[in-house]
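Observations on chain architecture
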Amino acid sequence: MTRQSRTSPAGSERSLHQAYDTALLDLDGVVYAGGRAIAHAVDSLAVAREEGMHLAYVTNNALRTPEAVAEHLGELGIPTDAGEVITSAQAVARLIADQVEPGSKVLVIGGEGLRVALRERGLVPVDSAEEEGLAAVVQGYGGPDLAWGRFAEASYAINRGVPWYASNTDLTIPGARGIAPGNGAAVEVVRIATGAEPQVAGKPLPPMHRETVLRTGAKRPLVVGDRLDTDIEGAHNGDVDSLLVLTGVTDAAQLLRAEPKHRPTYVDRDLRGLLTGQPEPTERDGAWRCGGWSAVDMGTYLDVSKLVDTDGTSPVEADGDPLDGLRALCAVAWSAAGDGSYAHDVAKALAKLGL
C-alpha cells in the first residue's frame, strides 16, 4: 500500500525506534509545549537514543537559533548538539541564497534564528526597507513581542517589488497557555497589505525536506509530529513514513477526517509510541478490528465497540487500549472517504473511547 493511497494506519511488529534509523522530530507540541517538556518525552527519547536511533529536531519555528534550541533541550534533560536541530530559518536562508547574489541584503521580519541562518549562507540581514540594494524580504515567527511596525516595513519593500520569502505558514503555535497565532497569521497580515505571495520554505514544502536530508543523512527516517498540515503532509511530500502524536494541535476527530496527504503511517498518544510496535487494523465481515475493538461505518456515523467472545457474553481484552479503537476507526473513516475527507458523525464513536 502506497502512502498516497493509505486507507488504514500501518502496523509494525518491531518497535519504531528499531525499524527506523532516524526520528525527525517536531518540537512544539511533540517534545515540549510552552517551553516545558511534554509528559514521557524526555524518558522516551533517552531510551530511543541509547538503543541506537538517531534523533533530529525539525521545527518550523524560526525564532531561535539551533544553538538556543539545543541548549533548551539540554535543560529539559535531552542532551542535544546544535547540529541535530534543523529549522525553517535554515531552509528559507538556503532558498534565498540559491536565488540572489552572495552578500545580498535581506530585510528580516522575525527573530535571531533568521539572522543567524542568513549569515550562515553569506547573506546580510538588515532592518529597514530603505536599505539600498535590498534583494529580499524574509518573514519568520518573531514571538509575542514582535512589533506591528515590522509588518509595515515588510509591506513597504514588497510593494516596491522586492521578492518576499516566508520561513513557514503555520497559522497557530502551541504554548503553555494554549494555542496562539503563528507565523502564518503574521504572513496573512502582510499578504493583505500587499496582495503578494511569498515563497515558503518550511514544512510541508520541499525546501524543508531537502534541508533535513542534507543535514541528517537519514536513510530510513520517521517523521514525528503533531500537525497534519505540516508534519504529516511534509512526510507525504517527502515519501517517508510518519508518526502522529496526540500531544499538540491535532485531535482524534481531525485525524479521522484527514484527507490522504494528511494520513499518518502510525498514530500514538505521545513519544512512548517510538518504543513500541504498532498493531495493524484488519478487515473482517465489513468491520475493521484492532486490538480489542471493532469499528464500522453506519452510513451516517461511525460506531466502535469492544470485541466479545464467541458466546457473546464476556469482552475480549476488556481493558484494551482505546487507541486501538481509534486506529480501527481511522481504517473505517479513511476507507469510506477514499480520496476525500470523512463527512459523517465521528463524535459518538470517540465518546465511547473517551477520546
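Quick look at the structure, then.

**Here's the deal with the overall build of the chain**
Helix and strand content of the chain: 12 helices and 19 strands. On C-alpha atoms alone, the chain measures out to a radius of gyration of 22 Å, which is about the 20 Å that the 2.2 N^0.38 rule sets for 355 residues. Across its three principal directions, the C-alpha atoms of the chain cover 80 × 45 × 35 Å. Here the chain has roughly 15,000 Å² of accessible surface; of this, 50% comes from carbon and sulfur atoms. Charged side chains of the chain number 32 positive and 49 negative; the gap between the two group centres comes to 1 Å.

**Side note on the packing of helix α4 (residues 88–97) against helix α5 (residues 112–120)**
The interhelical angle for the contact between α4 and α5, taken along N-to-C directions, is 40°, at an axis separation of 8 Å. Considering the angle they form, α4 stands oblique to α5. In terms of crossing hand, the pair formed by α4 and α5 is right-handed. Where α4 abuts α5, its residues A89, Q90, V92, A93 and I96 lie against G113, L114, A117, L118 and E120.

**Description of the nonpolar core**
If you look at soluble globular proteins, the nonpolar side chains tend to sit buried side by side. Core analysis: the biggest nonpolar cluster contains 29 residues, and L255, L256, L302, V304, L326, L329 and L350 have the highest contact counts within it. The set of elements that each furnish at least two residues to this core consists of α9 (228–238), α10 (252–256), β17 (287–290), β18 (293–297), β19 (302–306), α11 (322–337) and α12 (347–353). If you tally residues by element for this core, the top one is α11, at 10 residues. Other than its neighbours up to four places away in sequence, L329 contacts L256, A295, L302, D303, V304, A349, L350 and L353.

**Regarding the sheet that holds strand β14 (residues 241–245)**
Read across the open sheet, the six strands follow the order β5-β4-β1-β13-β14-β15; overall the sheet is parallel. The outermost strands of the open sheet, each flanked by one partner alone, are β5 (85–87) and β15 (266–268). Shown here is a sheet whose adjacent strand axes are inclined to one another by a mean of 25°, direction ignored. Judged from the four bridges that link them, strand β1 (residues 22–25) and strand β13 (residues 221–225) form a sheet pairing that is parallel.

**Points about helix α3 (residues 66–75)**
Three- or four-residue spacings in an α-helix give side chains the same orientation, since the helix completes a turn every 3.6 residues. Residues of α3 that are buried: P66, V69, A70, H72 and L73. Angular distribution of buried residues about the axis of α3 spans 160°; they occupy a single face of the element. Facing away from the buried side of α3 by more than 90 degrees, the exposed set consists of E71 and E75. Looking at the packing, one finds that the buried side of α3 touches β2 (32–33), β4 (54–59), β5 and α4.

Basis of the calculations
Residues numbered from 1 in each chain as written. Predicted model: local features only at pLDDT ≥ 70, side-chain atom pairs only at ≥ 80, totals over all residues. Heavy atoms only, no water. Helix = DSSP H or I, 4+ residues; strand = E, 2+ residues; numbered from the N terminus. Rg over C-alpha atoms; globule rule 2.2 N^0.38 Å. Areas by Shrake-Rupley, 256 points an atom, 1.4 Å probe, with all protein chains shown as cover. Lys, Arg positive; Asp, Glu negative; His and termini not counted. Charge placed at Lys NZ, Arg CZ, Asp CG, Glu CD. Axes fitted to C-alpha atoms, helices over the stretch in contact; angles between N-to-C directions. Parallel < 35°, antiparallel > 145°, perpendicular 65-115°, else oblique. Left-handed = near helix turned anticlockwise from the far one by under 90°. Contact = heavy atoms within 4.5 Å. Core = buried A, V, L, I, M, F, W, Y, C linked by side-chain atoms within 4.5 Å. Buried < 20%, exposed > 50% of the residue type's maximum accessible area, 1.4 Å probe, protein only. Pairing = 2+ DSSP bridges. Arc of directions from axis to C-beta.

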